[in-house]
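Chains, contacts and geometry: an overview
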Protein chains: 2
Amino acid sequence: MKNTIILASNSPRRRDLLQQIGWNFIVCPSKFEESSTASDPQALVLQNALGKARDVAAHIEQGIVLGADTIVVHNGAVLSKPANKDEARSMLQQLAGDWHEVYTGVALVDSLTGREVSDVVCTRVHMRQLGAQELEDYLNTDEPYDKAGGYGIQGKAAVFVDRIDGCYFNVVGLPLSRLAKLVQQCAAWS
Amino acid sequence: MKNTIILASNSPRRRDLLQQIGWNFIVCPSKFEESSTASDPQALVLQNALGKARDVAAHIEQGIVLGADTIVVHNGAVLSKPANKDEARSMLQQLAGDWHEVYTGVALVDSLTGREVSDVVCTRVHMRQLGAQELEDYLNTDEPYDKAGGYGIQGKAAVFVDRIDGCYFNVVGLPLSRLAKLVQQCAAWS
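If you're wondering where the values come from, they're calculated on a predicted model, not measured in any experiment.

**What to know about the overall build of chain A**
- From N to C terminus, chain A includes six helices and seven strands.
- For chain A, the N- to C-terminal ordering of α and β elements is β-α-β-α-β-β-α-β-β-α-β-α-α.
- For 190 residues, the compact-globule estimate of 2.2 N^0.38 gives 16 Å, and the C-alpha radius of gyration of chain A, at 17 Å, lies within 12% of that figure.
- In terms of overall dimensions, chain A has a C-alpha envelope of 55 × 30 × 25 Å along the principal axes.

Next comes the structure, spelled out in structure tokens:
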């Protein structure tokens, strides 16, 4: 990754991931209004990722813009960010002792040419049964409230997740190996 | 986790993981000489984890000591830390495009009573095919040389791993959800 990526997201998790792999990037959050309805989870995260990337690309002259969107799905229902402690409790009680899916859509838009590549990655996640006290302790932290599904795997909820099937980084917010492939496609454009 | 754990390891990855989940701990590296032979991978990481924890427990009066050992296994062969660039290249060429296993043994020893609990967790990891240039770029970083199998999933090699089956944190160096269960067992002792 020689070229600078423009990250159309304010998520500290996504920034941390790009820092981890040593890519050059600048942050330029989009003003795109996320949709919460679509025909299926894949379509939803794809349209939001593309919407964010296109919005930022429209405002800059030159550069590859990265948009992404992550959702949690349990038994076909989308779990967004919990609005309060009761919602977070209800979400985590639903997820505990069962598998759920995390979908992340990623989109790269070349602001100069308008060329786009995008993809969706799904990871299955299993959360173990949670004790009443450890659940309340977790709800009393800041962690659940700005995250889809009400938990952060890269934070204290790491002890709740006993196995995953798929890309771990996709659960955090960016499917890094798939993203690297998409970036290679962009590099081939020029 | 109310009580302080004594971490019998100098691994910065294990320290980072315990920090992530907010546990109280102090670091007290063991002088135990790791073995590299055993009947099977499980037995190997278990004896090393127990050896490290017992060594530190023997030198302190009171406290729960945590020992751990992580190895990478490909087609039944154990891959340890590469001694140089050629060894690291050969390991990563072997792992690329295939599944391998990561085993971590964890042991908790109560230094006051001598009581012990231990377990082994296995995670399957799939590494994608690697391009010649990205492999050389990676070998020119510091990352491969202090790590079993020659890669760090929590570092720049994140883009090489496209899926895992099992506990992610086990690959980093501590199976956090299993460890939390073992710590609960210890808490029940007192």
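**Digging into helix α6 (residues 176–189) of chain A**
- With 14 residues, α6 of chain A ought to run about 20 Å at 1.5 Å a step, and its terminal C-alpha atoms sit 20 Å apart, in line with that.
- Among all positions of α6 of chain A, only Leu176, Ser177, Leu179, Ala180, Leu182, Val183 and Cys186 of chain A are buried.

**Quick word on the nonpolar core**
- Ranked by size, the top nonpolar core spans 98 residues in total, and within it Leu108 and Tyr151 of chain A together with Leu108 and Tyr151 of chain B carry the most contacts.
- Beyond its immediate sequence surroundings of up to four residues, Tyr151 of chain B is in contact with Leu92, Leu95, His100, Val102, Val125, Met127, Tyr138, Pro144, Ala157, Val161 and Val171 of chain B.

**Details of helix α3 (residues 85–95) of chain A**
Residue and element names in this part refer to chain A.
- Those residues of α3 that fall on the buried side of the exposure criterion are Ala88, Met91, Leu92 and Leu95. Looking straight down α3, one finds that the buried residues subtend no more than 95 degrees of arc, so they occupy a single side.
- If you follow the buried residues of α3, they end up packed against β3 (64–74), β4 (77–79), β5 (98–110), β6 (116–127) and α4 (132–139).
- Of the residues that open α3, the one with a side-chain oxygen 3.2 Å from the backbone nitrogen of Asp86 is Asn84.
- Among the residues trailing α3, Gly97 stands out with phi positive, at a value near 75 degrees.

**Some details on the relation of the copies chain B and chain A**
- Once chain B is rotated about the relating axis by 180 degrees and shifted along it by 0.0 Å, it coincides with chain A to within an RMSD of 0.0 Å. Such a combination of rotation and displacement between the chain copies is what one expects of a two-fold axis. Taking the C-alpha atom as reference, chain B places Asp165 of chain B closest to the rotation axis, 2.3 Å from it.
- Of all interface residues in chain B, 100% are interface residues in chain A too; the two copies therefore contact each other through one and the same surface.

**Focus on the environment of Ile153 of chain B**
- Considering the arrangement of structural elements, one finds Ile153 of chain B in the loop between α4 (132–139) and β7 (161–166).
- Note: C-alpha distance between Ile153 of chain B and Cys167 of chain B (14 residues apart in sequence) is 13 Å.
- Setting aside anything within four residues of it in sequence, one finds Ile153 of chain B in contact with Gln20 and Phe169 of chain A together with Ala158, Val161, Ile164, Tyr168, Val171 and Val172 of chain B.

**Digging into the interface of chain B and chain A**
- With 26 residues of chain B at the interface, the matching set in chain A holds 26 residues.
- For the chain B and chain A pair, buried surface summed over both sides reaches about 2000 Å², with 56% attributable to carbon and sulfur atoms.
- Arg163 of chain B serves as the salt-bridge partner of Asp165 of chain A, at 3.1 Å between the closest nitrogen and oxygen.
- For the pair chain B and chain A, the number of links is ten residue pairs in polar contact (both at pLDDT 80 or more).
- If you list the elements that add at least two residues to the side of chain B that touches chain A, you get α4, β7, α5 (168–172) and α6 (176–189) of chain B.
- At six residues, the largest contribution of residues to the side of chain B that touches chain A is made by β7 of chain B.

Cut-offs and rules
Starting from 1, residues in each chain are numbered consecutively following that chain's sequence as written. By the order in which they are written, chains take letters starting at A while ligands take numbers starting at 1. Only residues with pLDDT of at least 70 get local features here, since the model is predicted, and only at 80 or more are side-chain atom pairs given and counted; chain-wide, interface and lining totals rely on the full set of residues. Processing note: side-chain calculations cover all non-hydrogen atoms of the structure and skip hydrogens and water entirely. Here a strand is any run of E in DSSP of at least two residues, a helix any run of H or I of at least four, and the numbering for each starts at the N terminus. As defined in this context, the radius of gyration uses C-alpha atoms, and a globule is described by 2.2 Å times the residue total to the power 0.38. By this rule, a helix spans an expected 1.5 Å times one less than how many residues it contains. We call a residue buried when its accessible area falls under 20% of the maximum for its residue type, exposed when it is over 50%, and partly exposed in between, using a 1.4 Å probe and counting protein chains only. Among the buried residues, those of types Ala, Val, Leu, Ile, Met, Phe, Trp, Tyr and Cys that are joined through side-chain atoms within 4.5 Å form a nonpolar core. Contact criterion: two residues are considered in contact whenever any of their non-hydrogen atoms come within 4.5 Å of each other. Each C-beta atom gives one direction from the helix axis, and the arc is the one those directions make. Within 3.5 Å is the distance limit for a polar contact, defined as a pair of N or O atoms, with the added protein rule that one can donate a hydrogen and the other accept it, and that residues adjacent in sequence qualify only through two side-chain atoms. Copies are brought into register by a least-squares superposition over C-alpha atoms of residues with pLDDT of at least 70 in both. In short, buried area is how much 1.4 Å probe accessible area vanishes from two parts on joining, totalled over both. The working definition used for a salt bridge is a side-chain nitrogen of Lys or Arg within 4 Å of a carboxyl oxygen of Asp or Glu.

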